[in-house]
Amino acid sequence: MIIYTNEGNPLGLQLLMLAKFAKQAVQVQLVNLNDAKYKDLLVLPTIELDSGMRLFSAAAIAKYLLGDEGEQRDEWLEWSTTLLAPALAHYMAVGHRADPNALPVLNTLVKKLNDALKSKPFLAGDKLTAADIAVWSLLAPDGTLKGAQNVDNLRTWYDKIKALPEVQQVLSEQPLKDLSFNALQQANRYGGLHHVPLKRASLADAGNLLADTGSTVADTITDEEINAARAAFTFSQPKEFKEPRIVLPKAGERNVLITSALPYVNNVPHLGNIIGCVLSADIYARYARSVGYNTLYICGTDEYGTATENKALAENLTPREICDKYFELHNAIYRWFGIGFDFFGRTTHQEQTDIVQEAFKDVYNAGYVLTESVEQLLCQKCDRFLADRFVEGTCPHPGCGYEDARGDQCDKCGKLVNATELVRPRCKVCNSAPVLRSSDQLFIDLPKAEPLLREWVDRVENGWTHNARVITRAWLREGLKPRCITRDLKWGIPVPHKNFEKKVFYVWFDAPYGYVSMTKRYTKEYLQWWRPAKGTDVELFQFMAKDNVPFHSVVWPSVLLAINKGNTLVSHIMATEYLNYEDGKFSKSRGIGVFGNDAQETGIPADVWRFYLASARPEGQDSSFSWNDLAARNNSELLNNLGNFVNRALVFCEKNFNSTVPEMVLTQDELVLLALINRELRGYINSLEKAKLRDGIRHLLAISRHGNGYMQTQQPWVLLKGNEEQKTRAASIIGLCTNIACLLANLLFPYMPSTARTLFAQLNAKQTPLNADKPYAAILLPTGHKIGKPSPLFSKLEQAFIDELKSKYGGVQDTKSAAPQQTNAAELEAAVQAQADKVRQLKASTKDKAVWQPEVNKLLDLKKQLEAAQKTASIAAPAAAPAAQSDTQSVQDLEKAVQAQGEKVRQLKGSTKDKAVWQPEVNVLLDLKKKLEAAKAAPPTSSTPSPAAVSAAPDASKVKALEDKIAEQGEKVRTLKASGDASVWKPEVDVLLSLKKELTALTGAPAAGAQGKNKKKK
């Protein structure tokens, strides 16, 4: 069973307890109702049974788990759901939701509970039932009963249930301090339980059982916390940030080296790529600098390998040109997102070559390199061994049979494939059938390094995320195998080894060294980071998505351990799960999802994207980007919570105190607020130290939420109209709130640097270093400090705007290059044929859908236009036409054919440099031009058409059907010919020729391309 709930929801505790007493194993899944993935959930918590059925009614769940426990049990369950839960939600609310009328209602309900427990140990009788569990779980969070008087029966009952071993087990998993009734606001589509009216009848005899203490979380503050808050809230001149030109590690200090997985250069990064690597690392790097660690953040583009060659082929560029193009694209996207690399480099520079070749020599000399013969596919036409991505064919796995499986994986069944196992393999460059040949390759002897690796993993894995530990242990459990480190490619780092000079290093041997070579580009003293001197400790934090974990936790560390030169090894692997888009996956080719360049075009500020992606970061499980969730978080958390508090505080200071921070005289209320803020500040520091970025945001927003509640409760706008004592009190409130705003600016900086700078400007202040060892709120803006001009930090995202963006990025976006509208059937037939050839050539040259999918869309559009034009022509065609027009039409047809063939040749030349592909089409073009010259020079024929000519006009629909069959059969023949087995494809050729004869008989003209092909056979 699965319990779906949201963070901090006290009703989730109720379900956990019911399951525990029913001895049912459950899995808890924290969800967000704004996430499109969970759009079918209406209320949280909801329990999903093993059968798939979902229950969200507490009474229904209790009856299912614990069976029939009597009518009284059911009455108490109804009472707790309809009366007690809404009353507590109203009573515990803060800010504009606070309800001053909730306390007397709650007093009545508490009195009823206390009276009911006078004569019996439990609510429904002599034994514990689901009623006790339901009511106890509602009273437990945030010390709800603190300050209550004359409720001895209730207290005895409460303590008795809390002491039960089942309850203690649940509380070890779900601490009470993490629960809050404010979480109910996100538990349904109606903003919690505030829409449920309180029943205010019969309040006279309720008495004052509960003290009127406002937000009861304050009751949990201890004297020690109050004293610590008072002692810390003083002013001392803050240290200024010193940013050295070159950051180097220092002995006796904390040195943090940060990398993010190198983004591959052949694509445009989408939001999942950005939060999975570079943005997460940037947030952590900004935090590390803010607490004074020596911090270096290195990244760059990964540019060698098969994928680059593939992309270059698809775009008719050299690999170097592809790398230059996409490096600039990546760089521009990351700059817009405000990613603060200390250095952003590339793997295609000389430093990378030198370091990788030196590392290979080291590992070879250490005895960890093997030579093995590998069976590979050789394309004799291209005269090259084919890397996995340059081969495709029919999937060999039983039951699949997908005809376009790649040489490394089948996209249909998802299973891994060896290129040599493909059925009817073909070269993606020239479409010919490759042959099997042996090729010697070099391998890293991972089994030999395995003992060293295991000992190291045991020592350091506690600093890794859970998924990184699981993935690494899975590799070790299966036992390591030798791993190939060379490839028969041209685009890569040459192997400096005899008889291997024409090979290059496999990208996953070369790429991790990019971190080192890019550091060398940053400083000549790079070895201080990567081979630190004795007494200097360097912590290496590496951020990545989970698919990159094995290379950072197994493969590269094994190489470094084998070399044994004192290299810095990763201490903290920070791996995310996957971020999906709404209900599915990001797809550039289909225009689904937001990619780096798209985010900029939306007009939504980069900082809002940063905040949202960090709050939706897939830390424990896959998460989804949702437009509605983006809008909800912006409008609720940024605009209404954080922005509202900061703006109110600064505007009050500007208008009522001449933009000057007034004197602050702290009372118990201020000290309680500071103690609550210190709790959240400590949580923020603890979360960021572990790179738990989502938790950091939660603690940050809790501080502004406390500030909003404090201001709403104290009402300085009322005090300012009172006597001098009240005005002095208002001054203290505003002085404290402006200081909290300054603290928030510092905490916000790692997540939203531009917004934080704007807020610092409004405060007329600078960023202040955080104290990770003593996280206490201090005076940052002393009495007399002049603030700047306040203005709103955030703006609302309207639903109409969000709906427009959701529609724009929910499907194919490329409407600019849509196929031109044609009207003439002959033109359209030529255009369809040319476009179909273009699509075939592109598909043969690349598997990158981003290249050929737009052209497929054009082809489909042209076919629709052709079908419509043919229907129109068949209706409007006259029974006869003047013969003179026949002559003119013949010339016009040839002119259009020449134009279409010319376009076809241009497209083919643009898609491939292989002359064998486009030269036959050039010959067809030259032949058409000769026919056109001859037609123009011929005398006009008789103006009267013969009856035979009129009657011989072919049926357009039959012609269309035959042409489609010929095209389909032709594709089939080409595919079969790639197998090289004549007994397989010759019968299909006969079928093709028969279809072409049939078309010739129908139209009186040979099928397009038939003559050329016959000539070629002679």
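Provided above is the structure to which this section pertains.
Residues take numbers from 1 onward in each chain, read along the sequence in its written order. In view of the model being predicted, local features appear only for residues whose pLDDT reaches at least 70, and side-chain atom pairs are presented and counted only at 80 or more, with totals across whole chains, interfaces and linings using the full set of residues. Values shown for side chains rest on all heavy atoms present in the structure; no hydrogens or waters enter the calculation.

*Asks:* Explain the overall build of the protein to me, please; I cannot follow it from the model alone.
*Replies:* Where helices and strands are cited, they refer to DSSP runs of H or I of at least four residues and of E of at least two residues respectively, numbered from the N terminus. Tallying secondary structure elements over the protein gives 36 helices and 20 strands in all. Any pair of residues with heavy atoms lying within 4.5 Å of one another is described as a contacting pair. Partitioning the intrachain contacts of the protein with sequence separation of at least 6 by distance along the chain shows that 77% fall at a separation of at least 24. Method for areas: the Shrake-Rupley scheme with a 1.4 Å probe, in which residue coverage is limited to the protein chains shown. Of the accessible surface of the protein, which amounts to about 46,900 Å², a share of 51% is contributed by carbon and sulfur atoms.

*Asks:* It is not clear to me how the packing of helix H1 (residues 10-21) against helix H2 (residues 58-66) should be interpreted in this structure. Could you clarify?
*Replies:* To describe two helices that pack against each other, one gives the angle between their axes and the distance between the axes. Throughout, an axis means a line fitted to C-alpha atoms (over the contacting stretch in the case of helices), and angles, computed between N-to-C directions, take values from 0 to 180 degrees. Following both chains from N to C, one finds H1 and H2 inclined at 15°, their axes separated by 9 Å at the closest point. Here H1 is positioned roughly parallel relative to H2, judged by the angle of their axes. Of the two possible hands of crossing, H1 and H2 adopt the one that is right-handed. Residues Gln14, Leu15, Leu18, Ala19 and Phe21 of H1 touch H2, and the partners they reach there are Ala58, Ile61, Ala62, Leu65 and Leu66. Under the scheme applied, nonpolar residues are Ala, Val, Leu, Ile, Met, Phe, Trp, Tyr, Cys and Pro; charged residues are Asp, Glu, Lys and Arg; polar residues are all the others, including Gly. Here the contact of H1 with H2 is composed, by residue class, of 9 nonpolar, 1 polar and no charged. Any angle that falls under 35 degrees is termed roughly parallel, while one over 145 is termed roughly antiparallel, one within 65 to 115 roughly perpendicular, and all others oblique. Here a crossing is taken to be left-handed if its near helix is turned anticlockwise relative to the far helix by less than a right angle, and right-handed if that turn runs clockwise.

*Asks:* Whenever I open this one, the packing of helix H3 (residues 71-92) against helix H5 (residues 130-139) confuses me. Can you help?
*Replies:* It is at 8 Å that the axes of H3 and H5 come closest, and there the two elements cross at 10°. The angle between H3 and H5 falls in the class roughly parallel. Contact residues: Arg73, Trp76, Leu77, Trp79, Ser80, Leu84, Ala85 and Leu88 in H3; Ala130, Ala131, Ala134, Val135, Leu138 and Leu139 in H5. Split by residue class, the contact of H3 with H5 holds 12 nonpolar, 1 polar and 1 charged.

*Asks:* Can you walk me through empty space enclosed by the protein in this structure?
*Replies:* One way to see where empty space is left: roll a probe the size of a water molecule over the atoms. Here the term cavity refers to a set of points on a 1 Å grid, laid over the protein atoms alone, in which a 1.4 Å probe fits but cannot get out; the term pocket refers to an open set having protein on both sides within 12 Å along at least five of seven lines, with lining residues being those that place an atom within 4 Å of a point. Grid points are joined across faces, edges and corners, and a volume is the space filled by probe spheres set on the points. Under the defined criterion, the tally for this structure stands at 3 cavities of 30 Å³ or more. In this structure, the largest cavity occupies an estimated 50 Å³ of space. Lining the largest cavity are Ile444, Arg483, Cys484, Ile485, Tyr506, Trp508, Phe509 and Val555. Class assignment of the residues belonging to the lining of the largest cavity gives a composition of 7 nonpolar, no polar and 1 charged.

*Asks:* How should unusual backbone geometry be read in this particular structure?
*Replies:* Glycine aside, residues mostly have negative phi angles, and peptide bonds mostly take the trans form. The step from Leu44 to Pro45 runs through a cis peptide bond, and the omega angle for that step is 0°. By secondary structure assignment, the location of Pro45 is in the loop between strand E2 (27-30) and strand E3 (46-48). For Ser659, which is not a glycine, the phi torsion comes out positive at approximately 60°. Looking at where Ser659 falls in the secondary structure, it is placed in the loop between helix H22 (627-656) and helix H23 (668-689). For every residue, the accessible area (1.4 Å probe, protein chains only) is compared with the maximum for its type, and the residue is labelled buried under 20%, exposed over 50%, or partly exposed between those bounds. Classification of Ser659 as buried rests on a relative accessible area of 14%. A positive phi angle is found at Ala691, which is not glycine, with a value near 60°. Along the chain, the position of Ala691 falls in the loop between H23 and helix H24 (693-714).

*Asks:* Help me out: how do you make sense of the pattern of salt bridges in this one?
*Replies:* Working definition: two side chains of opposite charge can pair if their charged atoms are close together. The term salt bridge refers to a side-chain nitrogen of Lys or Arg lying within 4 Å of a carboxyl oxygen of Asp or Glu. Counted by the stated rule, this structure contains 34 salt bridges. In this structure, Arg346 engages Glu303 in a salt bridge whose closest nitrogen and oxygen atoms are separated by 2.8 Å. Of this pair, Arg346 sits in strand E7 (residues 343-346) while Glu303 sits in the loop between strand E6 (294-301) and helix H11 (306-315), and the two are 43 residues apart along the sequence. Each member of the pair Arg346 and Glu303 is classed as buried. Residues Arg729 and Glu670 are paired through a salt bridge, measuring 2.6 Å at the closest nitrogen-oxygen approach. With a gap of 59 residues between them, Arg729 in helix H26 (residues 724-748) and Glu670 in helix H23 connect regions that are remote in the sequence. For the pair formed by Arg729 and Glu670, the shared burial category is buried.

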